[in-house]
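Chain by chain, the residues run as shown.
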Amino acid sequence: MTEEQLPAHRHTPATAPAQRASHDDREQVAEQLREAAGNGLLDLAELDERLAIALTAKTHAELVPLTADLAGAVDLRPEEPLVLETRAGAIQQVGHWAVPRLISAISDKGSIVIDFTDATCRHREVTLEVDVRKGSIDILVPLGWSVTTHGAKVDRGMVQNKATVAPAPGSPVLQLTGVIDRGSVEIRYPTPLRRWWKRRQQRAV
């Protein structure tokens, strides 16, 4: 792909920040290119050319031009982390929500529920940083997700990972990091009844 062939967005600083590209970023752009080719927006030669750049890109500035002339271009602007903090109360992050790459959960004496069941996650890896003193954090993940807890430091608290079914290929990986002092963190799947109800709702759509 030559300079003349690239969309004008390439030279616009606001849309081409010199930020390092992650594996997630490269895969998102590559997937959009494949979909564009399937819809007839790109021919095979253009697809191969753009994929070669996407899969070796090191910065967002290299990725942005590849989809700038396609409908629904991937937004590569830096995400704001989700911060959940309670001293003695209760917080529930549930229902339909967009999962950022980084979540920070701080519980002093309160409780936090983070439910990924109905959330939209476009990242392959999500980091959940916890700081639990005397409180608790309850985490619900869909079947198929992978959860790692080796990044968490447990002092006098407890971490229970009940989400141990073999992960589905390509599903998100939730990485638990941080410190659990005298509190607790539990990771589990939604109840069978809730999973049945969700499947029923999906069939009704």
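This section reports on the structure supplied with the text. It should be emphasised that the depicted structure is a prediction, and the values quoted were computed from it without experimental measurement.

1. Here we look at the side chain of Gln 93
Residue placement: Gln 93 occurs in strand E2 (residues 90-93). Look past the residues within four positions of Gln 93 in its chain and what remains in contact with it is Leu 82, Leu 84, Val 113, Ile 114 and Asp 115.

2. A short note on the packing of aromatic side chains
Under the counting rule described, the total for this entry stands at 2 aromatic pairs. Between Trp 97 and Phe 116, the aromatic rings sit 5.3 Å apart at their centres with planes inclined by 40 degrees, giving tilted as the arrangement. Of this pair, Trp 97 sits in the loop between E2 and strand E3 (102-107) while Phe 116 sits in the loop between strand E4 (111-115) and strand E5 (125-132), placing them 19 residues apart in sequence. Summarising the burial analysis for this pair, Trp 97 and Phe 116 share the class buried. Ring geometry for Phe 116 versus Trp 145: centroids 5.1 Å apart, planes at 45 degrees, classification tilted. Of the two residues, Phe 116 is situated in the loop between E4 and E5 and Trp 145 in the loop between strand E6 (136-140) and strand E7 (146-154); the sequence distance between them amounts to 29 residues. Given the relative accessible area of 1%, Phe 116 is considered buried. Among the aromatic side chains, those forming a connected cluster through ring pairs are Trp 97, Phe 116 and Trp 145.

3. Side note on the sheet that holds E7
Strand order in the open sheet formed by 5 strands is E1-E3-E5-E9-E7, and the pairing between neighbours is parallel. Across the chains shown, the open sheet's two edge strands, defined by having one partner strand only, are strand E1 (82-86) and E7. For this sheet the average axis-to-axis angle between neighbouring strands, irrespective of direction, equals 15 degrees. The pairing of E5 with strand E9 (residues 173-180) spans 8 bridges and is parallel. Paired with Glu 125 across the strands is Val 173, a residue of E9.

4. Quick word on a negative patch on the surface
Taken together, Asp 43, Glu 46, Asp 48 and Glu 49 make up a surface patch of like negative charges. Topologically, Asp 43 is positioned in the loop between helix H1 (23-38) and helix H2 (44-54).

5. What about the sheet that holds E4?
Note on sheets: strands pair through backbone hydrogen bonds, and any given pair is parallel or antiparallel. Here we have 5 strands laid out as an open sheet, ordered E2-E4-E6-E10-E8, and parallel in their pairing. Taken across any chain shown, the strands that pair with only one partner, and hence form the sheet edges, are E2 and strand E8 (158-161). Each neighbouring strand pair of the sheet contributes to a mean axis angle of 5 degrees, computed without reference to strand direction. Judged from the 4 bridges that link them, E2 and E4 form a sheet pairing that is parallel. Bridge pairing in E4 links Gln 92 to Val 113.

Scoring rules and cut-offs
Residues numbered from 1 in each chain as written. Predicted model: local features only at pLDDT ≥ 70, side-chain atom pairs only at ≥ 80, totals over all residues. Heavy atoms only, no water. Helix = DSSP H or I, 4+ residues; strand = E, 2+ residues; numbered from the N terminus. Contact = heavy atoms within 4.5 Å. Phe/Tyr/Trp six-rings, centres within 6.5 Å; stacked < 30°, edge-to-face > 60°. Buried < 20%, exposed > 50% of the residue type's maximum accessible area, 1.4 Å probe, protein only. Pairing = 2+ DSSP bridges. Axes fitted to C-alpha atoms, helices over the stretch in contact; angles between N-to-C directions. Patch = residues over 30% accessible without salt bridge, like charges linked within 9 Å, V, L, I, M, F, W, Y side chains within 5 Å. Areas by Shrake-Rupley, 256 points an atom, 1.4 Å probe, with all protein chains shown as cover. Salt bridge = Lys/Arg side-chain N within 4 Å of Asp/Glu carboxyl O. Lys, Arg positive; Asp, Glu negative; His and termini not counted. Charge placed at Lys NZ, Arg CZ, Asp CG, Glu CD.

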